[in-house]
Amino acid sequence: MSWHPWYRSSKFRHVYGKAASKDKCYDCMPITLNVHDNNFCAVNPNFIAVVTECAGGGAFLVIPINQTGKLDPHYPKVCGHKGNVLDIKWNPFNDFVIASCSEDATVKIWDIPNQLLKRNITTPKKELLAHTRRVGLIEWHPTADNILFSSGYDYKIMIWNLEVKDAILQKPVKILDAHKDVVLSMSFNTDGSLLATACRDKKIRVIDPRAGTVLQEGSYKSHRVNKVLFLGNMKKLFSTGTSWWNNRQIALWNQDDLSVPLLEEDLDGSSGLLFPIYDPDTHMLYVVGKGDGNIRYYEISPEKPYLNYLMEYRSHLPQKGIGVMPKRGLDVAACEIFRFYKLIPTKNLIEPISMIVPRRSESYQADIYPLTAAAQPALTAQEWLNGINKGPLLVSLRPGSKAVNSPPQFLEPEPLPQATNANQEEEESMSVEDQQNPREAQDDRSWMEVEEELPKNEQMCLSNGFDIFECPPPKTENELLQMYYRQQEEIRRLRELLIQKDVQMKQMELELRNVLMNTDN
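Asks: An account of the overall build of the protein is needed here, citing residue identities and associated values.
Replies: Across its full length, the protein carries five helices and 35 strands. Taken over 521 residues, the protein has a buried fraction of 49%. Considering only contacts in the protein between residues 6 or more positions apart, those separated by 24 or more positions represent 53%. Surface exposure of the protein reaches about 26,400 Å², of which carbon and sulfur atoms provide 50%.

Written out as structure tokens, the structure is:
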């Protein structure tokens, strides 16, 4: 009887971590010595922010992302809090707005100028005053603009609408009073309609934030939860915590049944916290250990065994916190699929770590860069508060795509004409690229004319299992954007097929000439 080893095919099986060289690190950083269980770092494509150690109140640094090397000890800070800063988060839809919370029981919103800071910033744009004890967590809503969640040691989660013009807000739009102890972690699902929380009472809760009702609540006797995370739209939760024997532990839960975990696994006996970070585009899960230098990463699948271990990045330098670069700030030419910013307080250093898929080709790898969340909100604050749910707007990371850092021109609020068929929609969605690349647009139209001449029963073209010609017309901006990129990929694929056919025809012509010459001889 022969033994057949089981191999799982995955394009991310050989992903490896690569630390940046010393000249691309951020040196002489006065990283905070606070023992609060947070990341203390926030990153976007323009800035890196890190909580610092300072006397007389709390402060954090905001440094341009390209300003690496040694930091001037007199570099200006953002210092308006009267207590230690416990958490900072960039606005996902505005790279120049950051929120911070502190032990002084306040949340502040700051405007960051688009240049090097020349003096300390002490006056916030907005100040949120409603918590009665220190505020330990803040989270921006993933799809609605200007919606912020804050959680304090008064056991309350407050929802703020920042579209209000007042500089000082004292009344949140909603207060979630479902917890009996301190909230340790908050996480949204993809469209922000559900909120998962981990509490010090060892329970995981799934909450409808607008109604304020607890939809699911559960705990498991052998798992003391610290952090919880929604795994995109897979209807699963991932949590990290400790076991009865104080071993670090991970667990996977069904979103609709929190009575028993689907999976539970002990990792090691270290005492540091585990921070879970999920990438919904590649379905990869990263588990970062506080106090050690390791980053474990897994691939999530919807069926058993659910969690597939890939590799572990190891380093002898322990990390106090971690920052994550949004997808739109990655280097796609180097096949970089994720980037961490590791806080190393023992050396006053911030070290970027890139997760790379090894590929020989230097061209854009579309299979490892699916459409990702854009930097534009899908909803206004009032629309979300009125009960509307909408997934994030999606963009392509392909170089030259205008929609990556700014709204695409064909998504203006002007009324779109009603398309009578799929071909008219295709022409409208391609208008932006036609203006930028007229020669390429002319070639695209010629290939489209060839497609129109095909018989109707041969016009079935599938791209990644998606039927382009028989799909219903797009009704939303998000669907229109998806249609645009899918059509572009299909046009490129057809072009490659035609080139292959031309090569085959030339080979057959040469063979025919050889045959004729042999018969003449």
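Asks: Break down the sheet that holds strand β17 (residues 183-188) for me, with residues and values.
Replies: An order of β17-β18-β19-β20 is seen for the four strands of this open sheet, with the pairing classed as antiparallel. Two strands lie at the open edges of the sheet, namely β17 and β20 (213-218), each paired on one side alone. Going from strand to strand, the sheet's axes swing by 20° on average, the running direction of each strand aside. As judged from the four bridges shared by strand β18 (residues 195-199) and strand β19 (residues 204-208), these two strands associate in the antiparallel manner. Looking at the pairing, Thr197 lines up with Arg205 of β19.

Asks: Before we move on, can you summarise the sheet that holds strand β13 (residues 147-152) with the specific residues and values?
Replies: Paired through their backbone hydrogen bonds, the strands of a sheet run either parallel or antiparallel. One open sheet holds the four strands; their spatial order is β12-β13-β14-β16, and the pairing between them is antiparallel. Both outer strands of the open sheet, β12 (135-140) and β16 (174-176), are each paired with one neighbouring strand and no more. Here the strands of the sheet are splayed against their neighbours by 20° on average, with no regard to which way each runs.

Asks: Pulling in residues and values, what's your account of the side chain of Thr143?
Replies: Mapped onto the fold, Thr143 is located in the loop between β12 and β13. If near-sequence neighbours (up to four positions away) are discounted, Thr143 is found in contact with Phe93, Thr190, Asp191, Pro377, Ala378, Leu379, Lys390, Gly391 and Pro392.

Asks: Pulling in residues and values, what's your account of the pattern of salt bridges?
Replies: Within this structure, the stated rule accounts for 20 salt bridges. With a shortest N-O distance of 3.3 Å, Asp37 and Lys290 are connected by a salt bridge. On the criterion of sequence distance, the pair formed by Asp37 in the loop between β2 (26-27) and β3 (41-43) and Lys290 in the loop between β26 (284-289) and β27 (295-300) is long-range, its members being 253 residues apart. Given the relative accessible area of 37%, Asp37 is considered partly exposed. Between Glu139 and Lys89 there is a salt bridge, and its shortest N-O distance comes to 3.1 Å. Of this pair, Glu139 sits in strand β12 while Lys89 sits in strand β8 (residues 85-90), and the two are 50 residues apart along the sequence. What you see here is one network of salt bridges that share partners, running through Arg248, Asp268, Asp292, Arg296, Glu312 and Arg314.

Asks: Tell me about the environment of Tyr298, and please be specific about residues and values.
Replies: Take Tyr298: it is sitting in strand β27. The class for Tyr298 is buried, based on a relative accessible area of 3%. Remark: the alpha-carbon pair of Tyr298 and Leu285, spanning 13 residues in sequence, is separated by 5.0 Å. Leave out the neighbours within four places in its chain, and Tyr298 touches Ile250, Leu267, His283, Met284, Leu285, Val287, Leu307, Asn308, Tyr309 and Leu310.

Asks: An account of the nonpolar core is requested, with residue identities and associated values reported.
Replies: Grouped together as the largest cluster of nonpolar side chains are 33 residues, with contacts concentrated most on Met29, Ile48, Phe60, Ile112, Tyr341 and Ile350. The element contributing the most residues to this core is strand β4 (residues 47-52), with five residues. In this structure, Phe12, Val15, Ile337 and Tyr369 belong to the second largest nonpolar core, which totals 25 residues.

Asks: Tell me about the packing of aromatic side chains, and name the residues and values.
Replies: Scanning the entire structure with this criterion turns up twelve aromatic pairs. On the numbers, 5.6 Å between centres and 80° between planes, the contact of Phe47 with Phe96 is edge-to-face. On the criterion of sequence distance, the pair formed by Phe47 in strand β4 and Phe96 in the loop between β8 and β9 (97-102) is long-range, its members being 49 residues apart. With relative accessibility at 4%, the residue Phe47 sits in the buried group. Looking at Phe96, the relative accessible area reads 25%, which means it is partly exposed. Geometrically, the ring pair formed by Tyr364 and Tyr369 is stacked, given 5.7 Å between the ring centres and 20° between the ring planes. Neither residue differs from the other here; Tyr364 and Tyr369 are each classed as buried. Joined through ring pairs, the aromatic side chains of Tyr286, Tyr297, Phe338 and Phe340 make up one cluster. The ring of Tyr153 has Arg134 lying over it, and the distance from NZ or CZ to the ring centre is 4.1 Å.

Asks: Tell me about the pairing of β8, and name the residues and values.
Replies: Of all the six residues making up β8, five are buried; the element is thus mostly covered by neighbouring parts of the structure. In this structure, β8 lies alongside β9, joined through five bridges in antiparallel fashion. Across the sheet, the residue bridging to Trp90 is Ile98, located in β9. In textbook terms, the turn of a hairpin is the stretch between consecutive antiparallel strands, and for β8 and β9 this stretch comprises six residues.

Asks: Requested: an account of the state of the cysteines, with residues and values cited.
Replies: Under the criterion given, the structure shown has zero disulfides. For the unlinked cysteine Cys54, the closest cysteine sulfur is that of Cys79, found at 7.1 Å.

Asks: So, the environment of Ala59: which residues are in play, and what are the values?
Replies: Relative to the elements of secondary structure, Ala59 occurs in strand β5 (residues 58-64). Classification of Ala59 by relative accessible area gives buried; the value is 2%. As a C-alpha pair, Ala59 and Ile121 span 62 residues in sequence and 9.7 Å in three-dimensional space. Discounting chain neighbours no more than four positions away, the residues touching Ala59 are Val51, Thr52, Cys54, Lys77, Val78, Cys79 and Val85.

Asks: Mind laying out the side chain of Asn294, listing which residues take part and the relevant values?
Replies: One can find Asn294 in the loop between β26 and β27. Of the polar contacts made by the side chain of Asn294, one reaches the side chain of Glu312; its length is 3.2 Å. Excluding its chain neighbours within four sequence positions, the residues that come into contact with Asn294 are Val287, Val288, Gly289, Glu312, Tyr313, Arg314, Ser315 and Gln319.

Analysis parameters
- Residues numbered from 1 in each chain as written.
- Predicted model: local features only at pLDDT ≥ 70, side-chain atom pairs only at ≥ 80, totals over all residues.
- Heavy atoms only, no water.
- Helix = DSSP H or I, 4+ residues; strand = E, 2+ residues; numbered from the N terminus.
- Buried < 20%, exposed > 50% of the residue type's maximum accessible area, 1.4 Å probe, protein only.
- Contact = heavy atoms within 4.5 Å.
- Areas by Shrake-Rupley, 256 points an atom, 1.4 Å probe, with all protein chains shown as cover.
- Pairing = 2+ DSSP bridges.
- Axes fitted to C-alpha atoms, helices over the stretch in contact; angles between N-to-C directions.
- Salt bridge = Lys/Arg side-chain N within 4 Å of Asp/Glu carboxyl O.
- Core = buried A, V, L, I, M, F, W, Y, C linked by side-chain atoms within 4.5 Å.
- Phe/Tyr/Trp six-rings, centres within 6.5 Å; stacked < 30°, edge-to-face > 60°.
- Lys NZ or Arg CZ within 6 Å of the ring centre and 35° of its normal.
- Disulfide = S-S within 2.5 Å.
- Polar contact = N/O pair within 3.5 Å; in protein donor to acceptor, adjacent residues only side chain to side chain.

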